[in-house]
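Here is what each chain is made of, one letter per residue.
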Amino acid sequence: MEYLSVDRIENSIAICEKEDMSTVELALSLLPNGVREGSVLAFENGVYTIDKSEEEKRKERISKLQNLIFDDE
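Fair warning: this is a prediction, and the values are worked out from it, not measured in the lab.

J.: How would you summarise the pairing of strand β3 (residues 23-27) if you had to cite specific residues and measurements?
T.: As judged from the five bridges shared by strand β2 (residues 13-18) and β3, these two strands associate in the antiparallel manner. Within β3, the position partnered with alanine 14 by the bridge is leucine 26. Linking two consecutive strands that pair antiparallel, namely β2 and β3, is a turn of four residues; a positive phi of about 75 degrees is found at methionine 21 within it.

J.: For the pattern of salt bridges, give the residues involved together with the corresponding values.
T.: Oppositely charged side chains may form a pair once their charged atoms are brought near each other. One pass over the full model with this rule turns up seven salt bridges. Across the salt bridge formed by glutamate 55 and arginine 36, the nearest N and O atoms sit 2.7 Å from each other. With glutamate 55 in helix α1 (residues 52-71) and arginine 36 in the loop between β3 and β4 (40-44), this residue pair connects regions lying 19 residues apart in the sequence. Arginine 36 gets classed as partly exposed once you look at its relative accessible area, which sits at 36%. Among the ionic contacts, a cluster of salt bridges with common partners joins Asp7, Arg8 and Glu10.

J.: If you had to explain the packing of aromatic side chains to someone new, which residues and values would you point to?
T.: The geometry of an aromatic ring pair comes down to the distance between the two centres and the angle between the two planes. Under the defined criterion, the tally for this structure stands at one aromatic pair. Look at phenylalanine 43 and tyrosine 48: their rings are 4.4 Å apart centre to centre, the planes differ by 35 degrees, and that puts the pair in the tilted class. Residue classification places tyrosine 48 among the buried positions, given a relative accessible area of 17%.

J.: Help me get a handle on the sheet that holds strand β1 (residues 2-10), residues and values and all.
T.: Pairing is antiparallel in the open sheet, where five strands are placed in the order β3-β2-β1-β4-β5. The sheet is open, and its two edges are formed by β3 and β5 (47-50), each paired on a single side. The mean angle between the axes of side-by-side strands here comes to 40 degrees, regardless of whether they run parallel or antiparallel. Examined bridge by bridge, β1 and β2 share six bridges and lie antiparallel to one another. Counted as the bridge partner of valine 6 is cysteine 16 from β2.

Rules of the game
- Residues numbered from 1 in each chain as written.
- Predicted model: local features only at pLDDT ≥ 70, side-chain atom pairs only at ≥ 80, totals over all residues.
- Heavy atoms only, no water.
- Pairing = 2+ DSSP bridges.
- Helix = DSSP H or I, 4+ residues; strand = E, 2+ residues; numbered from the N terminus.
- Salt bridge = Lys/Arg side-chain N within 4 Å of Asp/Glu carboxyl O.
- Buried < 20%, exposed > 50% of the residue type's maximum accessible area, 1.4 Å probe, protein only.
- Phe/Tyr/Trp six-rings, centres within 6.5 Å; stacked < 30°, edge-to-face > 60°.
- Axes fitted to C-alpha atoms, helices over the stretch in contact; angles between N-to-C directions.

In structure tokens form, the structure reads like this:
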């Protein structure tokens, strides 16, 4: 399974970041309803789905990193 993070949406295109930090542009028509900036997409068997569980894991990891950075000051 491949994960992509939606960086931004411009017109009818979602600019997504892959795990290797490269970007890919995808037509919104290929993506599930409800996709938005910050969504984490799972790509498996030719289908994109929004992965709320992976999105929450990433938010938690970022929050912990922010706390480490800003609590040290």
